[in-house]
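# Analysis of the macromolecular model
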Amino acid sequence: EYIRIDPILNQTVKRMEILHPEWVFDLQLEQGLMVKINPLHLEQIMLIVIENAVKYSDGDQRVHIASRVMHDNISITVQDHGIGIPSEELQHVFDRFYRVDKARNREIGGTGLGLSIARNLVQHYQGEISMTSVENEGTRVSMTFPAVAVR
Ligand code: ATP
């Protein structure tokens with residue numbers, strides 16, 4: 001079942017705005033993009049990734065969320081300006097229970113399961129999820145799903 005993703009992304013951001021009224025969620029959505037996914041699963045993936053963007057931030061309380069057609073895929077990106085992830089740790093963050101630098105994370109709660117759940121959900125729909133990051137600058141999570149683009 002293909003669904004339009006923009007209403008789901010808008011709704012997810014509205015939820016995050018209620019939880020984090022002091023944050024700015026900057027949305028840049030291409031209209032009418034369709035992905036074959038259960039809408040609740042898409043929302044769950046987005047909540048995990050956006051919640052991380054908020055959790056692992058210090059200064060700039062702004063998250064940029066974008067969707068677009070890229071090649072023959074639908075791309076969804078979530079970019080923060082938070083604490084970032086050291087490059088040698090990036091390869092592990094999707095593993096179950098993995099948390100970067102336990103000392104750093106001690107006061108930020110979490111189990112290390114969020115991203116592994118997100119990856120399982122994305123892969124269930126033949127999608128891919130990856131992360132790029134620069135320490136003390138920010139992190140970008142990129143997802144792609146097979147697409148039919150209706151515009
Ligand atoms: P939870 O399961 O409660 O979400 P968690 O946030 O520790 O706990 P994951 O979402 O799997 O678990 O993230 C794994 C680790 O990756 C985190 O502990 C954190 O160190 C790092 N991380 C994830 N997202 C970001 C981000 N946007 N910026 C910086 N570090 C991040």
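Here the structure is a predicted model, which is why all the values come from computation and not from measurement.

### Focus: the nonpolar core
Core analysis: the biggest nonpolar cluster contains 29 residues, and Ile45, Val49, Ile50, Val78 and Ala118 have the highest contact counts within it. Broken down by secondary-structure element, the contributors of at least two residues to this core are helix H1 (5-19), strand S3 (33-36), helix H2 (39-55), strand S4 (62-70), strand S5 (73-79), helix H5 (114-124) and strand S7 (138-149).

### Focus on the site of the ligand
The environment of the ligand is made up of 21 residues, and the closest members are Tyr56, Val100, Gly110, Gly114 and Leu115. For the shell around the ligand, the secondary structure elements donating two or more residues are H2 and H5. Broken down by element, the shell around the ligand gets its largest block of residues, three residues, from H5. By residue class, the composition of the shell around the ligand is nine nonpolar, 10 polar and two charged.

### Topic: the environment of Ile37
By the secondary structure assignment, Ile37 is in the loop between S3 and H2. For Ile37, a count of 23 C-beta atoms within 10 Å puts it in the buried group. Along the primary structure Ile37 and Val100 are separated by 63 residues, whereas in three dimensions their C-alpha atoms are 30 Å apart. Excluding residues that lie within four positions of it along the chain, Ile37 makes contacts with Ile3, Leu42, Tyr125 and Phe145.

### Some thoughts on unusual backbone geometry
Backbone geometry at Gln126 places phi at a positive 60°, although glycine is not the residue there. Looking at the element boundaries, Gln126 is found in the loop between H5 and strand S6 (128-134). The class for Gln126 is partly exposed, based on 13 C-beta atoms found within 10 Å. In this model, Asn136 sits at a positive phi of 65°, which is unusual for a non-glycine residue. With respect to the helices and strands, Asn136 occurs in the loop between S6 and S7.

### Concerning H5
Turning to H5, its buried residues number three or more, namely Leu115, Ala118, Arg119, Leu121 and Val122. All buried residues of H5 fall inside an arc of 165° around its axis, so they share one side. When the buried face of H5 is taken as reference, the exposed residues oriented beyond 90 degrees from it are Gln123 and His124. Downstream of H5 by one or two residues, Gln126 has phi in the positive range, about 60°.

### Describing the confidence of the model for the protein chain
Overall, the prediction assigns the protein chain a mean pLDDT of 93, with 95% of residues at 70 or greater. Prediction confidence for the complex, expressed as pTM and ipTM, is 0.94 and 0.97 respectively.

Conventions we followed
- Residues numbered from 1 in each chain as written.
- Predicted model: local features only at pLDDT ≥ 70, side-chain atom pairs only at ≥ 80, totals over all residues.
- Core = buried A, V, L, I, M, F, W, Y, C linked by C-beta atoms within 7 Å.
- Buried ≥ 20, exposed ≤ 12 C-beta atoms within 10 Å, placed from the backbone.
- Helix = DSSP H or I, 4+ residues; strand = E, 2+ residues; numbered from the N terminus.
- Near = placed C-beta within 6 Å.
- Nonpolar A, V, L, I, M, F, W, Y, C, P; charged D, E, K, R; others polar.
- Contact = placed C-beta atoms within 7 Å.
- Arc of directions from axis to C-beta.
- pLDDT = per-residue confidence, 0-100.

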